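As a plain string of letters, each chain reads:
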Amino acid sequence: MLLPTEASAAEAQQAIVEDFAFFGDWSERYQYLIDLGKRLPDFPEAWKTESNRLMGCQSKVWIVPHRQDDKLFFSAASDSSIVSGLVYLALRVYSGRTAEQIRATRADFVQAIGLSKHLSPTRSNGFSALLTFIQKTAESL
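All of these numbers come straight from a predicted model, not from anything done at the bench.

On a plain count of helices and strands, the protein comes out with seven helices and three strands. Across the protein, helices and strands are ordered from the amino to the carboxyl terminus as α-α-β-β-α-β-α-α-α-α. Against the compact-globule benchmark of 14 Å for 141 residues, the protein has a radius of gyration of 14 Å, which places it among compact chains. Based on the C-alpha atoms only, the size of the protein along its principal axes is roughly 40 × 30 × 25 Å. Of all 141 residues assigned to the protein, the portion counted as buried reaches 48%. Side chains of the protein carry 15 positive and 16 negative charges; the gap between the two charge centres is 4 Å.

Another aspect to go through is helix α1 (residues 9-21). Between its first and last C-alpha atoms α1 spans 18 Å; for 13 residues at 1.5 Å apiece the expected length is 18 Å, and the two agree. Every buried residue of α1 is accounted for by Ala 9, Ala 12, Gln 13, Ala 15, Ile 16, Asp 19 and Phe 20. Buried residues of α1 fall within an arc of 160 degrees about the axis and therefore sit on the same side. Every exposed residue of α1 that faces more than 90 degrees away from the buried side is listed here: Ala 10 and Ala 21.

Let's shift gears to empty space enclosed by the protein. Applying the stated criterion across every chain yields a total of one cavity of 30 Å³ or more. Here the largest cavity defines a volume of roughly 40 Å³. With three residues, the top contributor of residues to the lining of the largest cavity is strand β2 (residues 71-78). Across the lining of the largest cavity, the residue classes tally to seven nonpolar, one polar and one charged.

Calculation notes
Residue positions are given per chain, counted from 1 along the sequence in the order it is written. Given that the model is predicted, a residue must reach a pLDDT of at least 70 before its local features are reported, and side-chain atom pairs must reach 80 or more before they are shown or counted; all residues, however, enter totals for whole chains, interfaces and linings. Processing note: side-chain calculations cover all non-hydrogen atoms of the structure and skip hydrogens and water entirely. Numbering of helices and strands runs from the N terminus, with a helix taken as a DSSP run of H or I at least four residues long and a strand as a DSSP run of E at least two residues long. Note that the radius of gyration is over C-alpha atoms, with the globule rule given as 2.2 Å times the number of residues to the power 0.38. Buried, partly exposed and exposed residues are distinguished by accessible area as a fraction of the type maximum, computed with a 1.4 Å probe on protein chains only: under 20%, between the cut-offs, and over 50%, respectively. Under the convention used here, Asp and Glu are negative, Lys and Arg are positive, and both His and the chain ends fall outside the count. Where a charge lies is defined by one atom per residue type: Lys uses NZ, Arg uses CZ, Asp uses CG and Glu uses CD. To estimate how far a helix should extend, the number of its residues minus one is multiplied by 1.5 Å. Picture the helix axis, draw a direction to every C-beta atom, and the arc is the one those directions span. Lining residues are those with an atom within 4 Å of a point, where the points come from a 1 Å grid over the protein atoms alone and group into cavities, where a 1.4 Å probe fits but cannot get out, or pockets, open sets with protein on both sides within 12 Å along at least five of seven lines. Grid points are joined across faces, edges and corners, and a volume is the space filled by probe spheres set on the points. Gly is placed with the polar residues, together with every amino acid not listed as nonpolar (Ala, Val, Leu, Ile, Met, Phe, Trp, Tyr, Cys and Pro) or charged (Asp, Glu, Lys and Arg).

In short, the description is geometric, and any link to function would need to be established separately.
Laid out in structure tokens, this is it:
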């Protein structure tokens, strides 16, 4: 499970925007996404089941929510390098937050770094499905 590196979701989003500002073009940003995906914690093979699979993605994405005290954590993996990077970004913002914090946080970093303009429709749909899953998990608590 990915532990938060910033104190709040807003700080995580700001850090993502600042990180992406270092790169001049989208080929560099895609490479950075691939590198981020490699930072995802190990995801047990036993969790790669259909019940943990996120539907709506062209690539395979598995996600497992965990509740610890009043916070929600998410473990996730993908069979795609770029999608793994997108998963990392979402978990950096949302994993390790309370349900209230998750529900109150819109994924503003997506627009701020230009991600919405540079993802293929299938990746964009899959990323939206991931964000929706995280929000619905928080809403169910």
